[in-house]
Amino acid sequence: MTTPETHKLVIIGSGPAGWTAAIYAARAQLRPVVYSGVPKQNPSIVLPGGQLMLTTEVENYPGFPHGIMGPEMMAKFQEQAERFGTSVIGEDVERCDFSQRPFVLHTSDGKQVRVHAVVIATGATANWLGLKNEMRLATSGGGVSACAVCDGALPVFRDQPLAVVGGGDTAMEEATYLTKFGSTVYIIHRRDSLRASKIMQKRFLDRPNARVLYNKAVVDVLGGDRISGVLLEDTVTKERSELALAGLFVAIGHTPATSFLKDSGVELDEGGYVALKTRSSYTNIEGVFAAGDVADSHYRQAVTASGMGCQAALDAERWLAARGID
């Protein structure tokens, strides 16, 4: 009976962080294997390629002066990684055993994979309202988004009424950013007071085109190919009303894709994100690295995720070389 191959490096995840790590690792002749994942909806849509698969036009990634569609960008990242020798497997890693070396990864096709080093790059999923039309318009580029900083500057939103759902600091930050572009920017919040810090509230409310709709919940997103508005329900009186909009931005948090790390020993922070050592991609386990939104609750941008993927590949390469695994 032959002994299964032990890989030098496995990268779990296929967003900007994962593909960038693969490009660097493949060029360093580490022969990385990327587990790109399988499509799922539970309850949010999760696709191989990460959040950019739900983004239409990306205008803020350097090197694409006229913008690029999110799925096309991820396809180019993958093509570049494969060009240098990256192997891609369309399965999930469901469980990790980091208690033995080489590590053992348990995959969704029932296999066990042995590997010396791992880069975790599974990202984080935006929390959605769970409405049918919301997801339809989010996946078709119809004016519903979970990232105002990513999409808010697009021409289609300029001088148009926009809304952000949420009441925390992230919602305030997103809404304040949108006031640069929208004619009116509404915060839609289901309670009678905002949860955001006072300074973040003031920053938004000081803008002349800022509005807050308290005690309101979005119960439907209206429109055909593009959003035309939302149906609101008063959380106190249950009265319903319509609000005309050209863009809806959902800012009710993100969930890091770390459930597969349960009992693995990898340290997570209070938000469930992978905890990293300062200015590195090192986790608390030697040989396990992390990059991108799975370890970044602050920036959540494609370009920062790519930078972290570069760091993880360099750290992994040096770690492997120091142990004579090159």
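Residues numbered from 1 in each chain as written. Predicted model: local features only at pLDDT ≥ 70, side-chain atom pairs only at ≥ 80, totals over all residues. Heavy atoms only, no water.

Asker: Even after reading the chapter, I still don't get the packing of aromatic side chains, so can you show me in this structure?
Answerer: Centre-to-centre distance and the angle between the planes together describe a pair of aromatic rings. Summed over the entire model, instances satisfying the criterion amount to seven aromatic pairs. Pairing Tyr61 with Phe77 gives two aromatic rings, centres 5.8 Å apart and planes at 70°, and the pair type is edge-to-face. Taken together, the residues span a long stretch of sequence, with Tyr61 in the loop between β5 (57–58) and β6 (68–69) and Phe77 in helix α2 (residues 70–83) at a distance of 16 residues. You can call Phe77 buried: its relative accessible area is 9%. Where Phe289 meets Trp319, the ring centres are 6.4 Å apart and the plane angle is 75°; that geometry is what we call edge-to-face. Remark: Trp319 occurs in helix α7 (residues 302–322) and Phe289 occurs in strand β21 (residues 288–290); sequence separation between them is 30 residues. Comparing Phe289 with Trp319, the two get one shared label, buried. Put simply, the rings of Tyr61, Phe64 and Phe77 touch in pairs and so form one group of aromatic residues. The ring of Phe84 carries the charged tip of Arg27 above its face, separated from the ring centre by 5.6 Å. (Phe/Tyr/Trp six-rings, centres within 6.5 Å; stacked < 30°, edge-to-face > 60°. Helix = DSSP H or I, 4+ residues; strand = E, 2+ residues; numbered from the N terminus. Buried < 20%, exposed > 50% of the residue type's maximum accessible area, 1.4 Å probe, protein only. Lys NZ or Arg CZ within 6 Å of the ring centre and 35° of its normal.)

Asker: Can you help me understand the environment of Thr176 in this one?
Answerer: With respect to the helices, strands and loops of the structure, Thr176 is situated in helix α5 (residues 169–178). Separated by 26 residues in sequence, Thr176 and Lys202 have C-alpha atoms that sit 9.9 Å apart. If we skip the residues at most four places from it in the chain, Thr176 touches Arg203, Phe204 and Arg207. (Contact = heavy atoms within 4.5 Å.)

Asker: Please explain the nonpolar core as it appears in this structure.
Answerer: The tendency in soluble globular proteins is for nonpolar side chains to be buried as a group. Residues Phe98, Leu105 and Ile120 are the most contacted members of the largest nonpolar core, which totals 53 residues. Non-local contacts of Ile120, meaning those with residues more than four positions away in its chain, are made with Ile12, Phe260, Leu261, Val266, Val288, Phe289, Ala290, Ala291 and Val294. Counting 22 residues, the second-largest nonpolar core is a separate cluster that includes Leu54, Met135, Tyr186 and Val250. (Core = buried A, V, L, I, M, F, W, Y, C linked by side-chain atoms within 4.5 Å.)

Asker: How do you make sense of the pairing of strand β13 (residues 162–165) when you look at a structure like this?
Answerer: On any regular strand, side chains alternate: one points to one face of the sheet, the next to the other face. With burial as the criterion, each face of β13 is covered, one bearing Leu162 and Val164 and the other bearing Ala163 and Val165. Taken together, the four bridges between β13 and strand β14 (residues 185–188) define a ladder with parallel strand orientation. When the bridges of β14 are listed, Val164 appears paired with Ile187. One crossover worth recording links β13 to the parallel β14 by way of α5, and it is right-handed. Here β13 runs beside strand β19 (residues 247–250); their pairing, made up of four bridges, is parallel. Note that in β19 the partner of Ala163 across the bridge is Leu248. (Pairing = 2+ DSSP bridges. Right-handed = clockwise from strand over helix to strand, strands pointing away.)

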